[in-house]
Amino acid sequence: MKTSSDTLIQVTDLHFARSGRPIFAGIDINVRRGAITAIMGPSGTGKTTLLKLIGGQLHPAKGSILIDGENVHRLSRRRLYRLRRRMSLLFQSGALLTDISVFDNVAFPLREHTDLPESLIRDLVLTKLEAVGLRGAAKLMPAELSGGMARRVALARAIALDPEFIMYDEPFAGQDPISMGVVLELIRKLNKSLGLTSIIVSHDIKETSAIADYIYLLADGKVVEEGAPAELTASASPWSKQFMQGLPDGPVPFHYPAPSLEEDLLHVTN
Amino acid sequence: MSLIKQLSALMQHLGQGGLNFFQRLGRGHLLLLQLLTGLLPSLLRPRLIIYQIYMVGVLSLIIIIVSGLFVGMVLALQGYNTLVDFGAEESLGTVVALTLVRELGPVVAALLFAGRAGSALTAEIGLMKATEQLSAMEMMAVDPIRRVLLPRFIAGFISLPMLAVIFSAMGVLGGYFIGVGLLGVDEGAYWSQMQGKVEFGHDIVNGIIKSVAFAFVAVWIAIFEGYDAQPTSEGVSRATTRTVVHTSLAVLGLDFILTALMFGD
Amino acid sequence: MVNSRTIEVWVGIFITIAAMALFILAMRVSNLSLSGEADGFQVTASFNNISGLKVRSAVTIAGVRIGRVTAIDYDPQDFSALVTMEIEGRYDQLPSDSSASVLTAGLLGEKYIGIQPGGADENLVQGSKITLTQSAIVLEQLISQFIFSKGSAQ
C-alpha cells in the first residue's frame, strides 16, 4: 500500500516547529484515494497545522508531502495554485467572506476560476446549496448564519469546483447533535457518491470512528497508533486506550508541561 | 550588580526592538514587491478596482469637501488680518491659493485619508486575516494579494490625488466666499492676483506630484499594517492605530523633503 | 451592500468632480495658457545690478506678463548679472532694440523685468541679447544720494 498508485497523499518523515517548539517530529501518513482518513489526537497536537502543511501554506523543516507524486513544497507558485484547485480545506470557523452573501460565497471559486456564464453559475451554486440543505439561505449574509450553518455553507463552497479531495478541520466541533448528524451524513454521501478522498481532523471519537476507513492517532508530534477504527478500539496500547475511551490521564498528560506545583507556588518572583 | 543587570536588559530590549524594526521593514518591502509584480493582471479586473475606489474615494468625498471649504475660509480670515496691515489685502487670493495648492491640499488630504480610508483598509484586511478569510482564499487557489490587496492599493493610489485636487479647489472657493463675500476684497483682484502668481506647471503640478507620493506611502502603510497584523482583535486595533500614526509621520516627513526639493530655490 | 450600478455611478461622479476641480485650478487659479511655453523663445540681457530679481520673476511689457526669467548667472568678465528670460511664442513682434529694466511692483513689492519696445524693424529672436538695460533702483542708494545732495547744496 505504501507507494502504490492508490495513495493520493504521502507524508514522509515530516518535521515542523513553531517558534522553537517542535510540533511534528517525523510523522508518516498515507491517504488512500477514495477513502476517508481520519487524523485524531488531543488538542494542541498540530492537526490543523498538518492540513496547512498539506495545502502548502506552511513549510516543513524536514520531510516531504507528495500529492499525486508531486512534492507540494517544491512546486512553483503557479503549479502550487493549480494543485490547490484540486483540493479544498473546510476551515473550522467556515472562513466565509463576510462582505458578500451566501450565494456569492459559494459562487466565489467558480467566478474566480471559470468563465462560466452567470446563469450556469446560478444553477451550480443552487445545486451545491441544495446539497447542504441551505438553498433557502442563499440571500443571507454570513453574519446572519449560525455557526453550524456557516460551516455547511463553507462545505458547499468547498465542493463548488468538484475537488479531488477535501480536508475537514474539526467538522464536528461545536455542532449541535442534529447538525452534527447532517454534516456526518454529508461527508459520507460526498465520499460515496462522488468518490471524494477525505481527510478528517478531529477529536470527536464516536463520530469519526463511525465514518472513517482508517485512523491515525497523533501525540507528542508522532503517529502513536494507526489502523481501522475497530482495530484501534480493540488495541491494547495505552495511547489508544486513553484516547478512545477518553481517560483524563495516561500517556497524554493532563497538564501542560510545567515545573511542579509546589515549586511554582513557593517560587517568589523578584 | 543590579544596575548592570538592568542595563543589559535595556540593551537587550533595544536590540530586540531594532531587530523587529528591520524585520518589519523587510516584510513591508517584500509585500511591495509582490504587489508590484501582480500589478498588470490586477488592472485587467477594473470592476474590483471601481468598487474599491467607491470604498476609499467616494466615501471620503464629504469629509474632504467640508474640510477643504473650512480650511480655505480660515486661511482667508487669518490671511486678511495679516495682509490688511500692509495694505496688501488684494493678495489674499494668492496667499490662499498658494498655501492650498502647494501644501495644505496634498498634506491635509493625505492626513484625512489616513484617518478615514487608511484605517478602514487596515482594519478590513486585518479582520479578514484574523477570521481566516485570506487563508481560505489561498486554499481556494485565489491569491489574496492580487484579489484583496491590489485592488485596494490601486484604488487608494488613484483616489488620494483626486481628493487632494478637490480639497484645494474647495479651499480656494471657501477663501473666495470669506474674502470677497464677507471681508470685501475686490473680486477681480482676488482672482487676477491669484492667476498672476500661481503657475500651473510649477505650483499645481508639484502639488499633484506631492499627493501622488503621499498616496503611495499612505496606501502602502495601510495595506501592510493590515496584512501584517496579529490575527487577534487586539492586534487589528493596534495595527489600525499604527496606520494612522505612521502615515501621518511619513506624510509630514516626506512633505518636508519634497518641499525642499521642489520649492527650495 | 450597495449594488454595483450605484457604485459605478458614484465613482463616475467622483471622477467628474475631480476633473472639475483640476479644471478650476488650471483655468481659474493659475490661468494656464493652452498655447503653453513650449514654443517660447529665449533672450538674454546683462544688468549691473538686479538686486532681488529671482528665477521665475515676471517679464512684462506695458504691464502685461509676456514671459518669465528662467536663469540668472554672474558674468565674471564685465562683473554683471546675465539674465535669461523666456518669452512666450505669441509675443514675437518685439523690436530688436527694445530695452529692459528691473522694476519694483509697488514700493516694497516683487522685482520684475519691464520691457520698453524700441523702433527697429527687426524683431528679437531666440538667443538675441537686449543691450539697452537699466538696473534695479536700490532704495538705500537712493536715500543716501538724496541726503548727500541735500548736504552739498547747503
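Small disclaimer: the values here were computed from a predicted structure and weren't measured. (Residues numbered from 1 in each chain as written. Chains lettered and ligands numbered in written order. Predicted model: local features only at pLDDT ≥ 70, side-chain atom pairs only at ≥ 80, totals over all residues. Heavy atoms only, no water.)

Visitor: Describe a positive patch on the surface, with residues and values.
Guide: A contiguous patch of positive charge on the surface is contributed by Arg78, Arg82 and Arg85 of chain A together with Arg146 of chain B. Note on placement: Arg78 of chain A falls in helix H2 (residues 77–84). (Patch = residues over 30% accessible without salt bridge, like charges linked within 9 Å, V, L, I, M, F, W, Y side chains within 5 Å. Areas by Shrake-Rupley, 256 points an atom, 1.4 Å probe, with all protein chains shown as cover. Salt bridge = Lys/Arg side-chain N within 4 Å of Asp/Glu carboxyl O. Lys, Arg positive; Asp, Glu negative; His and termini not counted. Charge placed at Lys NZ, Arg CZ, Asp CG, Glu CD. Helix = DSSP H or I, 4+ residues; strand = E, 2+ residues; numbered from the N terminus.)

Visitor: How would you summarise a nonpolar patch on the surface if you had to cite specific residues and measurements?
Guide: Residues and elements named next belong to chain C. On the surface, Ile137, Leu139, Leu142, Ile143, Phe146 and Ile147 cluster together to form a nonpolar patch covering roughly 580 Å² of accessible area. Its location among the elements puts Leu139 in helix H2 (residues 139–153). For Leu139, a relative accessible area of 40% gives the class partly exposed. (Buried < 20%, exposed > 50% of the residue type's maximum accessible area, 1.4 Å probe, protein only.)

Visitor: Summarise the interface of chain B and chain C; cite the residues concerned and give the values.
Guide: If you look at the interface, chain B gives 31 residues, while chain C gives 25 residues. Both faces considered, chain B and chain C share a buried interface measuring about 2600 Å² in area, 74% of it formed by carbon and sulfur atoms. At the boundary of chain B and chain C, one finds two salt bridges. Among the salt bridges present, the one from Glu199 of chain B reaches Arg68 of chain C, with a minimum N-O distance of 3.2 Å. At the junction of chain B with chain C, the criterion picks out four residue pairs in polar contact (both at pLDDT 80 or more). Where the side of chain B that touches chain C is concerned, the elements lending two or more residues are helix H3 (46–56), helix H5 (92–130), helix H7 (144–182), helix H8 (187–197) and helix H9 (200–227) of chain B. Here the side of chain B that touches chain C takes eight residues from H7 of chain B, the largest share from any one element. Within the side of chain B that touches chain C, the residues separate by chemical class into 20 nonpolar, six polar and five charged. (Contact = heavy atoms within 4.5 Å. Buried area = accessible area lost by both parts, 1.4 Å probe. Polar contact = N/O pair within 3.5 Å; in protein donor to acceptor, adjacent residues only side chain to side chain. Nonpolar A, V, L, I, M, F, W, Y, C, P; charged D, E, K, R; others polar.)

Visitor: Go over the pattern of salt bridges, please, and point to the residues and values.
Guide: Going through the model one piece at a time under the given rule, you end up with 27 salt bridges over all chains. The shortest N-O distance in the salt bridge between Lys47 of chain A and Glu170 of chain A comes to 3.8 Å. Of this pair, Lys47 of chain A sits in helix H1 (residues 47–54) while Glu170 of chain A sits in the loop between strand S7 (165–169) and helix H6 (177–194); the two residues are 123 residues apart in sequence, bridging distant segments of the chain. Looking at Lys47 of chain A, the relative accessible area reads 5%, which means it is buried. Judged by its relative accessible area of 6%, Glu170 of chain A is buried. Arg152 of chain B is the salt-bridge partner of Glu124 of chain B, the closest N and O atoms lying 2.8 Å from each other. Linking Glu124 of chain B in helix H5 with Arg152 of chain B in helix H7, this pair joins segments that are 28 residues apart in sequence. Through salt bridges that share partners, Arg24, Arg27, Glu225, Asp228 and Arg242 of chain B make up one connected network.

Visitor: I'd love a proper account of the sheet that holds strand S6 (residues 87–90) of chain A, names of residues and values included.
Guide: All names here are of chain A. Spatial ordering of the open sheet is given by S6-S7-S8-S3-S9-S10, a layout of six strands whose pairing is mixed. Unpaired on one side and paired on the other, S6 and strand S10 (222–227) mark the two borders of the sheet. The average angle at which neighbouring strand axes cross in this sheet is 15°, direction not considered. Note: strand S3 (residues 36–40) against strand S8 (residues 197–202), five bridges, orientation parallel. Paired with Ile36 across the two strands is Ser198, which belongs to S8. (Pairing = 2+ DSSP bridges. Axes fitted to C-alpha atoms, helices over the stretch in contact; angles between N-to-C directions.)

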